[in-house]
Amino acid sequence: MATTRRELTVQQEAALHDGLVIPAHPLALGADRLLDERSQRALTRYYIASGAGGIAVGVHSTQFEIRDPKHRLLEKVLGMAAEEVKRAALARPFIQVAGICGPTEQALYEADLAVGLGYDAGLLSMGGLGGWSEAQILERTARVAERMPVIGFYLQPSVGGKVFSFDFWQAFANIPGIIAIKIAPFNRYQTIDVARAVCYSDRRDKIALYTGNDDNIVNDLLTVFRFQVDGQPVEKRIAGGLLGHWAVWTKKAVELLDEIKQARKNERIALDWFTRNIEVTDTNAAFFDPAHAFAGCIPGIHEVLRRQGLMQGTWCLNPHEQLSPGQVEEIDRMYRDYPHLNDDAFVQTHLANWLSE
């Protein structure tokens, strides 16, 4: 079937494969749980100014409830972010990613909406499709990929994902229009499955791997995955990250990825990197709340942004999504134990400008 899919520019594709920081954009609400447009735009401006290489909007961190008919916020928040990116008139490559979810017809609608708003790629969630076969999910993926470039998403089973086979990922990688896969099963075996499947694919050089493994960010970005394919060694790296974790302290995340890119050029990795991996994972535990099965992951992100002045509070569209017991104290500990990881000084320097109309 002929496709009118708009492809990434050469510059965007090169940047995607070199490695980008792509924050998963939160949703800013007021105490009335209505959209706080001033803070929402400030967040987008913050990510752009931090040096991020893209943003992902309409994803888990943006709250799936934005699609609920009583809120009707999907188009609005996608549009606001697109407006801010356009206004920034960036000279560097920047990739706008729209979250896409639901059964096939919903996914196609959301893809068309995103394309119409100028988005470059869709992060295609496979959550909520527990009863679907792998063949059905592959067919859905192929149909969405006819509309726009697709980033696959291996979501951890503990928050609604499902385990997929190696054969599924190899077939997934062979679909025209797949440009990247976000690997986020929080599982080494399943992470290896995706990397190996892409290496076995004829499209291996067209697909960038991105980490969503918040429990192992730094190690993911430093690792070379090497497999024997038809008797020949094939290597693949996880280039960058598309992460809710990088929705906070984003300036430091950009600096971290730049350092990692330099470290990748060395034959030997300094032992200090393994310690830094633990520091980043420890902060993620405070933000994402694995102690309570990730119940406070979105409010945890909000709490950090609230402290910085980028959001008014931690409110979510679902009033039951709140900070877990002890989570505030854990975030206090992150500020105390790892002051070198926060970008509060950078935010305070620019906050008034980002909040201006």
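Everything here concerns the structure above.
Residues numbered from 1 in each chain as written. Predicted model: local features only at pLDDT ≥ 70, side-chain atom pairs only at ≥ 80, totals over all residues. Heavy atoms only, no water.

(A) Seen up close, the layout of surface pockets. Of the volumes computed, that of the second largest pocket is approximately 250 Å³. As for the second largest pocket, its lining consists of 15 residues, and the residues nearest its centre are Lys252, Ala253, Leu256, Val280 and Leu341. Those elements giving two or more residues to the lining of the second largest pocket turn out to be helix H9 (250-264) and helix H10 (272-288). Sorting elements by how many residues they give to the lining of the second largest pocket places H9 first, with 5 residues. (1 Å grid on protein atoms, 1.4 Å probe; cavity = no way out; pocket = protein on both sides within 12 Å on 5 of 7 lines; lining within 4 Å. Points joined across faces, edges and corners; volume = space filled by probe spheres on them. Helix = DSSP H or I, 4+ residues; strand = E, 2+ residues; numbered from the N terminus.)

(B) Local environment of unusual backbone geometry. For Asp230, which is not glycine, the phi torsion reads 55° and is therefore positive. Residue position: Asp230 is located in the loop between strand S8 (224-229) and strand S9 (232-243).

(C) A look at the side chain of Arg67. If you trace the backbone, Arg67 turns up in the loop between strand S2 (54-57) and helix H3 (74-88). Looking at Arg67, its side chain comes within polar contact range of the main-chain oxygen of Gly58, at 2.8 Å. Sequence-distant contacts of Arg67, defined by excluding residues within four places in its chain, comprise Gly58, Leu74, Gly99, Ile100, Cys101, Gln106 and Glu110. (Polar contact = N/O pair within 3.5 Å; in protein donor to acceptor, adjacent residues only side chain to side chain. Contact = heavy atoms within 4.5 Å.)

(D) A look at empty space enclosed by the protein. Evaluation of the coordinates by the stated rule reveals 1 cavity of 30 Å³ or more. What the largest cavity holds in volume is close to 50 Å³. Lining the largest cavity are Gly58, Val59, His60, Phe64, Gly99, Ile100, Leu123, Ser125 and Phe153. When grouped by side-chain class, the residues that make up the lining of the largest cavity number 5 nonpolar, 4 polar and no charged. (Nonpolar A, V, L, I, M, F, W, Y, C, P; charged D, E, K, R; others polar.)

(E) Expanded view of the pairing of strand S7 (residues 208-211). Here S7 shows no split at all, with Ala208 and Tyr210 on one side and Leu209 and Thr211 on the other all buried. As defined by bridge partners, strand S6 (residues 178-184) adjoins S7 across 4 bridges and the pair is classed as parallel. The partner of Ile183 across the bridge, within S7, is Thr211. Handedness of the β-α-β unit built from S6, helix H7 (residues 188-200) and S7 comes out right-handed. Across 3 bridges, S7 lies against S9 in parallel orientation. For Leu209, the partnering residue across the bridge sits in S9 and is Ile238. (Buried < 20%, exposed > 50% of the residue type's maximum accessible area, 1.4 Å probe, protein only. Pairing = 2+ DSSP bridges. Right-handed = clockwise from strand over helix to strand, strands pointing away.)

(F) A look at H10. With 17 residues, H10 ought to run about 24 Å at 1.5 Å a step, and its terminal C-alpha atoms sit 24 Å apart, in line with that. With 12 of 17 residues buried, H10 lies mostly within the body of the structure. Close packing links the buried residues of H10 with helix H8 (217-222), H9, helix H11 (297-308) and helix H12 (327-337). Backbone geometry just after H10 places Asp289 at a positive phi near 65°. (Expected span 1.5 Å × (residues − 1).)

(G) Inspection of the packing of helix H2 (residues 37-49) against helix H13 (residues 344-355) at higher detail. The interhelical angle for the contact between H2 and H13, taken along N-to-C directions, is 130°, at an axis separation of 9 Å. Judged by the inter-axis angle, H2 sits oblique to H13. For the element pair H2 and H13, the recorded crossing hand is right-handed. Facing H2, whose interface residues are Arg38, Ser39, Ala42, Arg45, Tyr46 and Ala49, H13 presents Phe346, Val347, Asn353, Trp354 and Leu355. Tallied by class, residues from the contact of H2 with H13 come to 7 nonpolar, 2 polar and 2 charged. (Axes fitted to C-alpha atoms, helices over the stretch in contact; angles between N-to-C directions. Parallel < 35°, antiparallel > 145°, perpendicular 65-115°, else oblique. Left-handed = near helix turned anticlockwise from the far one by under 90°.)

Structural measurements only, silent on function.
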